[in-house]
There are 2 protein chains.
Amino acid sequence: MNNNESFAEILKGLQLKATTRRLAVLSILSGEQAYASPEEIWKKLKRKLNTIGLPTVYRILEELSDNGVITKIIHPSRQLYYYYCGNAGHHHHFICVSCRKVEDLNFCASREIENEVSRNLKGRVLSHILQINGLCEPCSRKKGAINAF
Amino acid sequence: MNNNESFAEILKGLQLKATTRRLAVLSILSGEQAYASPEEIWKKLKRKLNTIGLPTVYRILEELSDNGVITKIIHPSRQLYYYYCGNAGHHHHFICVSCRKVEDLNFCASREIENEVSRNLKGRVLSHILQINGLCEPCSRKKGAINAF
DNA sequence: TAACAAACAGAAATCGTTTCTATTTGACCA
DNA sequence: TGGTCAAATAGAAACGATTTCTGTTTGTTA
Ligand SMILES: [Zn+2]
Ligand SMILES: [Zn+2]
Ligand SMILES: [Zn+2]
Ligand SMILES: [Zn+2]
């Protein structure tokens, strides 16, 4: 089973049509080594498709993100970025604000948090954000990398 | 020492002038029970000051947030919100996406994360986000509250 | 292959946020 | 207390990432 077929399966499972556009977005994104902006993804898509609108890219990225197929990056600049992470299961990310590399963290405090919220606050957790912003090893050696964002 | 005086001290410590505008922003924000948007804060400021520009509000909020005096809320809608939290020391928040209440969490995984990043990834942590989005106790009882944001 | 809802293109609008420049203010000191 | 100067601000304007809208196309199912 190649990537396109497995992506089609994923979309079908979410009751989303396996359109050329959606498969192309997943193909591009899964080939990226770093998180990418909607416009960057759009520019790459235009090379392989006759026509593709930027609003379509926004819509597809949001759909896939809402369904957990891709990850939305919370960038300090507040611009939107997305990343495809093959790692199944709930986890969080260390992102490099300089070169945009994404690395998995094997840590999540969701249990402790859930306990505290439900016990002390009697509230209901809908979602949680845990993201570490920093510089990856190569970037932390470069002087001035921190100014790049 | 009243609030204004202590806020002036804080600003002085940050080498920021204790201007009428900055003190007014802190006064408004410290009286809020919920996180507020720049425009909402601006509207309240206009009631107590002759003139105040919206760009000024944005600038002051960002300054105070950068210096850790107030907290920036990472809202699912990606709009900017700020909150004044009197609780000194590093901590994180549970926010209600319906009524905008903010509650403190006594939990932060920064040590574990720092260890994992520096040991496994050899990277450098610049900042981390940990925020729990949900519904507070009263809102979780109301039907339809989840649709309010 | 026909039918229909879902998905899309392209243009346009939206609006939260930032930039810019002239003016005012606050901190400091004589 | 008044003078000085950099810091801070007002107001207008621009910005640009994101969203909305409408007519058209596409994918799925039978
Ligand atoms: Zn991952
Ligand atoms: Zn988690
Ligand atoms: Zn707090
Ligand atoms: Zn923390």
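So, a few notes on the structure that sits alongside this text.

### Here we look at the coordination of the zinc ion (ligand 3)
Angles at a metal have ideal values that depend on geometry: 109.5 degrees with four tetrahedral donors, 90 or 180 degrees with six octahedral donors.
Residue and element names in this part refer to chain B.
Okay, so step 1: Protein coordination at the zinc ion (ligand 3) comes from Cys85 (SG), His91 (NE2), His93 (NE2) and Asp104 (OD), with a distance range of 1.9 to 2.2 Å.
Okay, so step 2: In this structure, the zinc ion (ligand 3) is coordinated by four donor atoms arranged in tetrahedral fashion, with angles at the metal of 98 to 125°.
Okay, so step 3: When the donor residues of the zinc ion (ligand 3) are listed from N- to C-terminus, their spacing reads C-x5-H-x1-H-x10-D. Highlighted residues: His93 in strand S3 (residues 92–96) and Asp104 in strand S4 (residues 102–105), separated in sequence by 11 residues.
Okay, so step 4: Owing to a relative accessible area of 25%, Asp104 belongs among the partly exposed residues under this scheme.

### Points about the relation of the copies chain A and chain B
Okay, so step 1: You can overlay chain A on chain B at an RMSD of 0.0 Å; the transform is a turn of 180° with a shift of 0.0 Å along its axis. Such a combination of rotation and displacement between the chain copies is what one expects of a two-fold axis. Distance from the rotation axis, computed per C-alpha, reaches its smallest value in chain A at Leu130 of chain A: 2.3 Å.
Okay, so step 2: Taken together, the interface assignments show that 100% of the residues at the interface of chain A recur at the interface of chain B, consistent with an identical surface on both copies.

### Things to note about the coordination of the zinc ion (ligand 2)
Residue and element names in this part refer to chain A.
Okay, so step 1: Around the zinc ion (ligand 2), the protein contributes the donor atoms His90 (NE2), His92 (NE2), Cys108 (SG) and His128 (NE2), at 1.8 to 2.2 Å from the metal centre.
Okay, so step 2: One can describe the donor arrangement at the zinc ion (ligand 2) as tetrahedral, given that its four donor atoms subtend angles of 104 to 114° at the metal.
Okay, so step 3: Here the donor residues of the zinc ion (ligand 2) share one chain and are spaced in sequence as H-x1-H-x15-C-x19-H.
Okay, so step 4: Residue His90 is classed as exposed on the basis of its relative accessible area, which comes to 52%.

Thresholds applied
- Starting from 1, residues in each chain are numbered consecutively following that chain's sequence as written.
- Written order determines the labels here, with chains lettered from A and ligands numbered from 1.
- Confidence filtering applies because this is a predicted model: local features only for residues at pLDDT of at least 70, side-chain atom pairs given and counted only at 80 or more, and all residues used for totals across whole chains, interfaces and linings.
- Derived side-chain values reflect all non-hydrogen atoms in the structure, with water molecules and hydrogen atoms excluded from consideration.
- Each metal site is built from N, O and S donor atoms within 2.8 Å (3.2 Å for Na, K and Ca), and since water is not included, such sites may look incomplete.
- In these descriptions, tetrahedral denotes four donors with every angle between 85 and 135 degrees, square planar four donors and octahedral six donors with opposite donors over 155 degrees apart and the rest between 65 and 115, and irregular any other case.
- Helix and strand assignments come from DSSP, with helices taken as H or I runs of at least 4 residues and strands as E runs of at least 2, each series counted from the N terminus.
- For the exposure calls, accessible area comes from a 1.4 Å probe over protein chains only, and a residue counts as buried if that area is under 20% of its type's maximum, exposed if over 50%, partly exposed in between.
- When the copies are superposed, the least-squares fit takes in the C-alpha atoms of residues with a pLDDT of at least 70 in both.
- Any pair of residues with heavy atoms lying within 4.5 Å of one another is described as a contacting pair.

That is the geometry; function is a separate question.
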